[in-house]
Structures are given as C-alpha cells and as structure tokens.
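# Secondary and tertiary structure notes
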Amino acid sequence: MIRIAIVDDHAIVRSGLKQFFSEQVDLRVTGEAANGREALDLVRKGEVDVLVMDLSMPDQSGVDALAAIKARAPDLPVLILSGFPEEHYATTLLKQGASGYLNKECDPQEIVTAIRTVYRGRKYITSGVAQLLADGLSGAGDKAPHETLSEREFQVFLRLAKGETIGHMADSMSLSVKTVSTYRSRVMEKMNLSSNSDLTYYALKNGLIQ
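So, here's what we can say about the structure. (Residues numbered from 1 in each chain as written. Predicted model: local features only at pLDDT ≥ 70, side-chain atom pairs only at ≥ 80, totals over all residues. Heavy atoms only, no water.)

### A closer look at helix α4 (residues 86–95)
Because each turn of an α-helix spans 3.6 residues, side chains separated by three or four positions in sequence point in the same direction. The buried fraction of α4 amounts to seven of the 10 residues, a majority that puts the element mostly inside the structure. Taken residue by residue, α4 has Glu86, Tyr89, Ala90, Thr91, Thr92, Leu93 and Leu94 as its buried positions. Just downstream of α4 lies Gly97, where phi reads positive at about 120°. (Buried < 20%, exposed > 50% of the residue type's maximum accessible area, 1.4 Å probe, protein only. Helix = DSSP H or I, 4+ residues; strand = E, 2+ residues; numbered from the N terminus.)

Here is the structure:
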C-alpha cells in the first residue's frame, strides 16, 4: 500500500484527488495539508511514502516547501501537481529534488502512474519535460534568465517578485539580511534587471507567479 499525502490549498482539489485515489487498490491517503508548513508537519510524522504537492500556496510556495522537505527527508518522493505549464517550472524543480512534475490538466490516471513510478524510486518524466531536459543538455536554444539561477537564488527571486521584503525573507528563510541582500544582487545581475518591479513584471510575463 502506497501512503500518499496531498498538499494543496484548495479543499475541493484535495477532496477530488482523495476520492480518485480511494478507487485504486494500492493507494491510501494518509494526510492532507493546505500549505508548505503543514506539509512539513506531515513529513515529520513519517507516515507518507509519496507527497503530491501544488506549487501555488499561501504563506510558503511549493518551491520553498520542496527545499524544506528535501532537507528534512531527502529520500521522500515529491510529485509536483501544478497549474503552471511544464516549461515554466518542471526542469528547475526536477533539478531541485522533485521526483516528477505534472500539470493539473493531465489525465487523472497519469497521476496514479506517476505516483507508482516515483514510489519505486524513479523519476516521472512526461514527454514534454523530457524534451525540455534534452534541449537543456544539447544547449538547444538560449536559457531563460530565471533558469540560470541557483536553487536559493530562484527562491529569493520568486519571493521578491511577489513583493516580500528582504527583512521578512531573512526571518522566514533563517538567513541574515546581508545574505538575502547578496542573493538579491546576484539575481539582479544574472537576470540583467534593476528593480523589484522589474522582477515582478518578468515573473508575471513568464507565468511564474499569478
């Protein structure tokens, strides 16, 4: 029996997934969470084999939550189920430890297939994501500016784009204000932008935030 935890801020989505998973003989939902912090609490309890998690959540984004979860339980498979298209996040999150990435518009049966795949310790890669990864390996096309960022820089970039202050980021990420400021400078330099409003515009234009 594969124990699943569903992390999504919409109760109706959690309910729908729970109902669908209950129809599978080898799947059982053992936990639900509405945000990243609750997800981390579920991970601490240890009663989960696969985490199915959204990206867009209040308080803490799925990007931050993934980093915290992998730090706590590096071997726990995390399957990202997001409303954002694959090309916006998939390759970045796979590099940061996600075991798979699916868009919410996919066939529900594909989610089940993905869960069974990552439970066995393998990555679940759709054909679309495989092409993105292949393009990255072959150097086909220029990388988007945000794809050049490190994991921590990408976290800082998203938080800045959403209007979060450096002080608040320092507190929530357990970093010093000076360190966060250094990350901000690196982000600005790598992305060739000059202000937080530029970051917000870029993130909205590229579908990285809603």
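### Digging into the sheet that holds strand β3 (residues 50–53)
Strand order in the open sheet formed by five strands is β2-β1-β3-β4-β5, with parallel pairing between adjacent strands. Looking at strand neighbours, the two that pair on one side only are β2 (27–33) and β5 (100–103), the edges of this open sheet. Averaged over all neighbouring strand pairs, the angle between strand axes comes to 25°, with direction disregarded. Of the strands in this sheet, β3 and β4 (78–82) are in contact with helix α3 (residues 62–72), which crosses β3 at around 165°. (Pairing = 2+ DSSP bridges. Axes fitted to C-alpha atoms, helices over the stretch in contact; angles between N-to-C directions. Contact = heavy atoms within 4.5 Å.)

### Some thoughts on helix α7 (residues 151–161)
Burial within α7 is extensive, with nine of its 11 residues counted as buried. Glu153, Phe154, Gln155, Val156, Phe157, Leu158, Arg159, Leu160 and Ala161 are the residues of α7 that are buried. Lining the buried residues of α7 we find α3, α4, α8 (166–172), α9 (177–191) and α10 (196–205). After α7 finishes, the residue Gly163 shows a positive phi value of roughly 95°.

### Description of the nonpolar core
Leu51, Met53, Ile69, Tyr89, Leu93 and Phe157 are the most contacted members of the largest nonpolar core, which has 48 residues in total. If you tally residues by element for this core, the top one is α7, at six residues. In this view, Met53 contacts Val7, Gly62, Ala65, Leu66, Ile69, Val78, Leu79, Ile80 and Leu81; residues no more than four positions away in its chain are not counted. Membership of the second largest hydrophobic core comes to 19 residues, among which are Val29, Leu81, Ile115 and Val118. (Core = buried A, V, L, I, M, F, W, Y, C linked by side-chain atoms within 4.5 Å.)

### Focus: the environment of Val43
By secondary structure assignment, the location of Val43 is in helix α2 (residues 36–45). Remark: the alpha-carbon pair of Val43 and Gln19, spanning 24 residues in sequence, is separated by 22 Å. If we skip the residues at most four places from it in the chain, Val43 touches Leu51, Ile69, Arg72, Ala73 and Leu76.

### So, the pattern of salt bridges
For the structure shown, the criterion picks out 11 salt bridges. Salt-bridge contacts for Glu32 lead to Lys18; the nearest nitrogen and oxygen are separated by 3.3 Å. Separated by 14 residues along the polypeptide, Glu32 in strand β2 and Lys18 in helix α1 (residues 11–22) bring together distant segments of the chain. Relative accessible area serves as the criterion here: at 34%, Glu32 is assigned to the partly exposed category. Look at Lys18 and you get partly exposed, because its relative accessible area is 38%. Here Lys104 and Asp54 are joined by a salt bridge, their closest N and O atoms 3.3 Å apart. Placement of the pair is Lys104 in the loop between β5 and α5 (108–119) and Asp54 in the loop between β3 and α3, with a sequence separation of 50 residues. Lys104 gets classed as partly exposed once you look at its relative accessible area, which sits at 33%. We classify Asp54 as buried; its relative accessible area is 4%. A single salt-bridge network, built from bridges that share partners, covers Asp8, Asp54 and Lys104. (Salt bridge = Lys/Arg side-chain N within 4 Å of Asp/Glu carboxyl O.)

The analysis is restricted to geometry; functional conclusions fall outside its scope.
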